[in-house]
Amino acid sequence: MARSVSGWSPRALAALRIVAGLLFLAHGVVKLFGFPEGAQPGEVEIASLMGVGAIIELVTGALLVLGLFTRPAAFIASGQMAVAYWMFHFPSSPYPAANGGDAAILFCFVFLYIFTAGPGAWSLDKR
């Protein structure tokens, strides 16, 4: 069983990379373009800390979806999520379920894993 399942690991890693990248990209789109309308936090000032974060989310999210410069993009995205958690979530409460930072923690560690594991299958880095 383990042998037959382990053959799927590169594809499962690629699926994780692509889905996480799409979700991260979506966070950047909300902050840069206010799309979809009504999504939080909505459009932010590009010359602000949130604006810089939005650019990082858009660029690294797109790179992760494509599997291009995967390791550097994942490392930068992971770092951004660590900073986001400690700067914006932790000060309101040390408990992720209470401070809304559980997604930031999860993104941080998913991207850290992708940084160490590489892009998996279906990536431009592999071409």
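Residues numbered from 1 in each chain as written. Predicted model: local features only at pLDDT ≥ 70, side-chain atom pairs only at ≥ 80, totals over all residues. Heavy atoms only, no water.

(A) Examining the overall build of the chain more closely. In terms of helices and strands, the chain carries six helices and zero strands. Helices and strands appear in the chain in the N-to-C order α-α-α-α-α-α. Whereas a compact globule of 127 residues would reach a radius of gyration of roughly 14 Å, the chain reaches 15 Å, a difference of no more than 12%. Along the longest, intermediate and shortest principal axes, the C-alpha atoms of the chain span 45 × 30 × 25 Å. A sequence separation of at least 24 residues applies to 62% of the contacts in the chain between residues at least 6 apart. Element-wise, carbon and sulfur atoms account for 72% of the exposed surface of the chain, whose accessible area totals about 7600 Å². Both charge centroids of the chain, one from 7 positive and one from 6 negative side chains, sit 25 Å from each other. (Helix = DSSP H or I, 4+ residues; strand = E, 2+ residues; numbered from the N terminus. Rg over C-alpha atoms; globule rule 2.2 N^0.38 Å. Contact = heavy atoms within 4.5 Å. Areas by Shrake-Rupley, 256 points an atom, 1.4 Å probe, with all protein chains shown as cover. Lys, Arg positive; Asp, Glu negative; His and termini not counted. Charge placed at Lys NZ, Arg CZ, Asp CG, Glu CD.)

(B) Structural detail: the packing of aromatic side chains. This structure, assessed with the given rule, holds seven aromatic pairs. The interplanar angle of 55° and the centroid separation of 6.3 Å between the aromatic rings of Tyr-85 and Phe-90 together place this pair among those described as tilted. The exposure class of Tyr-85 is buried, given its relative accessible area of 6%. Residue Phe-90 is classed as partly exposed on the basis of its relative accessible area, which comes to 34%. An aromatic cluster is built from Phe-24, Phe-107 and Phe-111, whose rings are joined through pairwise contacts. Over the aromatic face of Trp-8 sits the side chain of Arg-11, whose NZ or CZ is 4.2 Å from the ring centroid. (Phe/Tyr/Trp six-rings, centres within 6.5 Å; stacked < 30°, edge-to-face > 60°. Buried < 20%, exposed > 50% of the residue type's maximum accessible area, 1.4 Å probe, protein only. Lys NZ or Arg CZ within 6 Å of the ring centre and 35° of its normal.)

(C) Spotlight on the nonpolar core. In this structure, Phe-24, Leu-64, Ala-74, Met-81, Phe-107, Phe-111 and Ile-114 are the most contacted members of the largest nonpolar core, which totals 16 residues. Those elements that provide at least two residues to this core are helix 2 (9-33), helix 4 (70-89) and helix 6 (102-117). The residues touching Phe-107, leaving out its near neighbours within four places in the chain, are Ala-20, Leu-23, Phe-24, His-27 and Met-81. (Core = buried A, V, L, I, M, F, W, Y, C linked by side-chain atoms within 4.5 Å.)

(D) A look at the environment of Phe-33. Within the element layout of this structure, Phe-33 appears in helix 2. Look at Phe-33 and you get exposed, because its relative accessible area is 55%. Separated by 10 residues in sequence, Phe-33 and Glu-43 place their C-alpha atoms 5.6 Å apart.

(E) How the structure looks around the pattern of salt bridges. If you walk through the whole model with that rule in mind, you get one salt bridge. Two residues, Glu-57 and Lys-31, come together in a salt bridge whose shortest N-O distance is 2.8 Å. One end of the pair, Glu-57, is in helix 3 (residues 49-66); the other, Lys-31, is in helix 2, and 26 residues separate them in sequence. With a relative accessible area of 3%, Glu-57 lands in the buried category. (Salt bridge = Lys/Arg side-chain N within 4 Å of Asp/Glu carboxyl O.)

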